[in-house]
Structures are given as structure tokens and as C-alpha cells.
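Spelled out from the first residue to the last, the chains are:
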Amino acid sequence: MAAPPTPPRPLRWVPSALYAAVLAGGLYYETLGEGSLRLAGTAGFVTCLLLLFALEAFERGRYSEHTPTRPAVLLLAARLGLYAAVSVFDEAGVSRALFVLVPFTAYFALGRKAALVASAGCLGLLLTGNVLWVPRWWATAEHISDLLMLGIGLVLAVSMAAVAVGEQEGRARLEHALRELSDSHERLADHAERVAELSTAKERNRLAREIHDSLGHHLTAIAVQLEKAEAFHDRDAEIARKAVGHAHWSAVRALDEVRHSVRALRDEGEPFSLSRALADLARHADGGRLKIVAQVSGDERGFCTGALTALYRAAQEGLTNAHRHGHATRVSVAVTFGGDGARLAVTDNGRGFPDGACEGYGLRGMRERVALLGGTVDIHSAPDAGTAVTVTLPRAVASPPEVQGTPGAPAKAVR
């Protein structure tokens, strides 16, 4: 956080006001008081005060906000010399009030310590003058009164300067804090907008994966089974009937998964069992020329719902690709749960694809889902050599919100 700016010098009107008071008091004493009119002395008195007015005007015009330290010291020395000159021409003694401006001005130019030193110096000069040139000054009420009044004036001048500087610095800090707060609010608003955009993008990607992995899989299965039923309608009515039944099961299952997803979004999801879900998936996908062998070993308890769902979706994607794109006749699905993590391997004897071939949305979604859980996906394939998909997930205690949404829990055992 940047330091607040130095506030402008306050109370610049005070010296000029005091000069005017001293000028009025001196002229009154010369014309109407007990003193006799002295043209030369009066002219010198007025000239020195006019020079002080000009000095104040010069500083305000040259340094509108802050007077640098070096010029401030030179101006203070010039004032001090003019104060002494005014006191020489002043018979009334009112010019002694000007010396309270020495610590007052020094406070703004050099700080508190300099102002205290200047106050002590002014008192010391008056006391030294009394000691050197005024016999028995301590027994004279006038000289004691002058000393006390100067001391009181110096204290008031330093106190006024301290209060003014403190008020100006406090105001400057407040304005600086308000600007910083406004800037922070703008940055926070920009950050919140960016977070909202990223959250929306993450949720959009998650929903896209869910739609592809659940509805997309079942709709593909329905299309394949209906094509099979149409192909065997005239040749083998039993196979056609089973194909229609599997298509019906996929439609019902798609509807169930939509309901499960809605319950999961409302935080009403039921516990998910990967072994039962894989058994149900394998039983209904098996048949015709495609044979599926599913095996689960180890205890899935202790793995978060997101990890189990990611393994199920990976198995779904592997089976769909093996049947639809690989034209495989045999698929093996093996899940192993261990103390450090879980491993899914889906292998088929399909026609495969060359390494480095462009992956479809399903495989990209699988990688994204697994990456959110800190896992890895390895895919090995070659033309006419089948495909092997291996998913490895570490054991986790919680499921990130991006991978929530269970596909349901059918109640059938793995065969």
C-alpha cells in the first residue's frame, strides 16, 4: 500500500494576520499613543513589515502546496532577520509578538523538534538580553511579564501548529484510505466478475461432460440396440426382442440418471456403489457379438463419490467407444481398489486407432474429470491391436464440486 501524500501546509494566513496586527499596533502607538512620531523609524518599521507581507506572498505563489526543506530554511532565516529589524524600529514593543512565528513556521518546515529548539532559542535570546542590558530585570514586573507572555505565546504557537499538522495529516490519510478503498472495491468487483465467469465456464464444462457421459452414452446405446433389432427383426425375433428390451432399459436408465443428477444438485443424492453400477452396465451392454467381462477387487468404501463416478464414466466411455468405434467383440473392465488409490482398466480387441489420433469430446471429458481429482488417464492403441484405457485415481476424502453428480446405484452384483 502506497504512503499517503504529504498534506499542504495549513494556516498560511496566520503570519499575515499577525503582521497586520503588529503594523496596526505600532502605527497606533506612533500616532495616538505616548510615543512621538518618528518618520525614519516609522518608515523602517512599515517597510520591514511590508517585506514580510511580500515574503509570505512569494512563498505562497512559488510553493502552492509544500515548501521544500532548503527554501523553507532560507525563508525562515529571512523572516527572523526581518523580525529583528522590525523590533529595532518598534518603540511600542508589539513586534515581540512576531517571534512566536519562529517555532510556528519551523514546525511546518522542519518538524516538531526544530520548533521546540526554536522556542527555546527565542526564550533564551530574550533572557540573555535582559541579563546583559537590563539591571535587576528579575525585580521588574514588566520584564517578567514580557518573558512569561512570550513563553505562553510560544507554547500556544507550537500547540496550534501541532494541531493543524495533525488535522491535515489525518485528513490526508483519510482521503488516501478512501481512494485505496475505492480502488480495492473496483479490483474486488473485477475479481468477483472474473471468478463468476470462471465458475460459469467450469459449470458449463461439467454439465457438458455429464450430458455426454450419461445421456450421450444411453442414447448411443438405444440407437445401436434399435439398429440391431431392426436388422434381426426378420431373421431372429428373440434377438430383436432382447435388443428392444436393452434399448428400453437404456431409456429408463437415462431418465433415472437425470433424476439422480437433479437430486445431486439439490444435495439429495443417494450413496453410489461402483460395483453395482458396473454390474448393471455390463449386463445390459453384453449380448450379441459383444462380450463384456467386469471385475472389481478391493473395497470401494473410503473413496469419495466423485472418484467412483469418474471411474464409472470412464468405464462407460470405454465400452461405448469399443462397441461403436472399435467394433470390438470382447471388452474387459477391471477395477482395483487399494490403500493408495483406485485403478480402472478397460481393454478391448477392436480395431483401435493410431497413436496421436485426434481424441473426441468423450475422451477429453474423461481426462478433465479425472484431472480434477488428481488422477491420470493413459490410452494405448494401435490399428487392429485394440485399445487399452487405464485410469488411476488417488484416495481422497472429499469430492470436488466440479465432479459431483452420481449416475445412480442399480442393485445388481458384478458377475
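A quick note: this is a predicted structure, and the numbers were derived from the prediction, not measured. (Residues numbered from 1 in each chain as written. Predicted model: local features only at pLDDT ≥ 70, side-chain atom pairs only at ≥ 80, totals over all residues. Heavy atoms only, no water.)

Q: With reference to specific residues and values, describe the overall build of the protein.
A: Counting its secondary structure elements, the protein contains 10 helices and 5 strands. Looking at the protein residue by residue over its 415 residues, the buried ones come to 39%. For the protein, the exposed area adds up to about 22,800 Å²; of that, 62% sits on carbon and sulfur atoms. (Helix = DSSP H or I, 4+ residues; strand = E, 2+ residues; numbered from the N terminus. Buried < 20%, exposed > 50% of the residue type's maximum accessible area, 1.4 Å probe, protein only. Areas by Shrake-Rupley, 256 points an atom, 1.4 Å probe, with all protein chains shown as cover.)

Q: With reference to specific residues and values, describe the packing of aromatic side chains.
A: Within this structure, the stated rule accounts for 6 aromatic pairs. Relative to Trp138, the ring of Trp137 has its centre 6.3 Å away and its plane inclined at 85°; by these criteria the two rings are edge-to-face. For Trp137, a relative accessible area of 12% puts it in the buried group. Judged by its relative accessible area of 54%, Trp138 falls in the exposed class. One aromatic cluster in this structure is built from Tyr19, Phe53, Tyr83 and Phe99. Between the NZ or CZ atom of Arg235 and the centre of the ring of Phe232, over which it lies, the distance is 4.9 Å. (Phe/Tyr/Trp six-rings, centres within 6.5 Å; stacked < 30°, edge-to-face > 60°. Lys NZ or Arg CZ within 6 Å of the ring centre and 35° of its normal.)

Q: Any chance you could break down helix α5 (residues 112-133) for me, citing the residues and the numbers?
A: End to end, α5 covers 32 Å across 22 residues, agreeing with the expected 32 Å (1.5 Å per residue, within 8%). Among the residues of α5, those classed as buried are Ala115, Ala118, Ser119, Cys122, Leu126, Gly129 and Asn130. Looking down the long axis of α5, one finds its buried residues gathered within 110° of arc, a one-sided arrangement. Residues of α5 that are exposed and point over 90 degrees away from its buried face: Lys113, Val117, Ala120, Val131 and Leu132. (Expected span 1.5 Å × (residues − 1). Arc of directions from axis to C-beta.)

Q: I'd love a proper account of the environment of Leu372, names of residues and values included.
A: Residue position: Leu372 is located in helix α10 (residues 361-372). A residue is classified by how much of its surface remains accessible, and Leu372, at 37% relative accessible area, is partly exposed. Taking the C-alpha atoms as reference points, Leu372 and Gly306, 66 residues apart in sequence, are found 9.6 Å from one another.

Q: Residues and numbers for the packing of helix α3 (residues 69-89) against helix α4 (residues 101-110), please.
A: It is the contact of α3 with α4, at a shortest axis distance of 10 Å, that shows an interaxial angle of 175°. Taken together, α3 and α4 sit at an angle that is classed as roughly antiparallel. Where α3 abuts α4, its residues Thr69, Ala72, Val73, Leu76, Arg79, Leu80 and Tyr83 lie against Leu101, Val102, Thr105, Ala106, Ala109 and Leu110. For the contact of α3 with α4, the class distribution of residues is 10 nonpolar, 2 polar and 1 charged. (Axes fitted to C-alpha atoms, helices over the stretch in contact; angles between N-to-C directions. Parallel < 35°, antiparallel > 145°, perpendicular 65-115°, else oblique. Contact = heavy atoms within 4.5 Å. Nonpolar A, V, L, I, M, F, W, Y, C, P; charged D, E, K, R; others polar.)

Q: How would you sum up the environment of Arg60? Please name residues and give values.
A: Inspection of the secondary structure assignment puts Arg60 in helix α2 (residues 39-62). A sequence separation of 48 residues divides Arg60 from Arg12, and the C-alpha atoms of the two residues are 8.2 Å apart.

Q: Describe in detail the sheet that holds strand β4 (residues 376-381), supporting the description with residues and values.
A: Spatial ordering of the open sheet is given by β1-β2-β3-β5-β4, a layout of 5 strands whose pairing is mixed. With partners counted over all chains shown, the strands left at the sheet margins are β1 (291-297) and β4, one partner each. With strand direction ignored, the average angle separating the axes of adjacent strands in the sheet is 10°. As paired strands, β4 and strand β5 (residues 387-394) are joined by 6 bridges and run antiparallel to one another. Each residue of the ladder has a partner; that of His380, found in β5, is Ala388. Strand contacts of helix α9 (residues 305-324): β1, β2 (330-337), β3 (341-348) and β5, with the helix running at about 5° to β3, the strand carrying the most contacts. Sheet strands touched by α10: β4 and β5. Its angle to β4, the strand with the most contacts, is close to 150°. (Pairing = 2+ DSSP bridges.)

Q: Residue-level account of the nonpolar core, with values.
A: Counting 37 residues, the largest nonpolar core has Leu274, Leu311, Val333, Leu344 and Val391 as the members making the most contacts within it. At the level of elements, α8 (274-285), β1, α9, β2, β3, α10, β4 and β5 are the ones that each hand at least two residues to this core. Here this core gets 9 residues from one element, more than from any other, and that element is α9. Setting aside residues no more than four positions away along its own chain, Val391 makes contact with Leu311, Ala314, Ala342, Arg343, Leu344, Met366, Val370, Thr376 and Val377. Counting 34 residues, the second largest nonpolar core, distinct from the first, contains Val14, Leu23, Leu82 and Ala118. (Core = buried A, V, L, I, M, F, W, Y, C linked by side-chain atoms within 4.5 Å.)

Q: A description of the confidence of the model for the protein should follow, citing residues and the corresponding values.
A: Here the protein averages 80 in pLDDT, while 85% of its residues score no lower than 70. Helix α7 (residues 237-265) is the least confidently modelled element of the protein, averaging 75 in pLDDT, while β3 averages 93, the highest of any element. The low-confidence segment residues 401-406, where pLDDT is below 50, has 24 contacts with residues more than four positions distant or belonging to other chains. Segment residues 408-415 is flagged for pLDDT under 50; beyond a separation of four residues in sequence, or across chains, it makes 27 contacts in the model. (pLDDT = per-residue confidence, 0-100.)

Q: An account of the pairing of β3 is requested, with residue identities and associated values reported.
A: In terms of residue burial, β3 counts as a mostly covered element, since 6 of its 8 residues are buried. From the end of β2 to the start of β3, which pair antiparallel, there are 3 residues. Where β3 lies against β5, 8 bridges are found, and the strand directions are antiparallel. Looking across to β5, one finds that Thr347 is bridged to Ala388.

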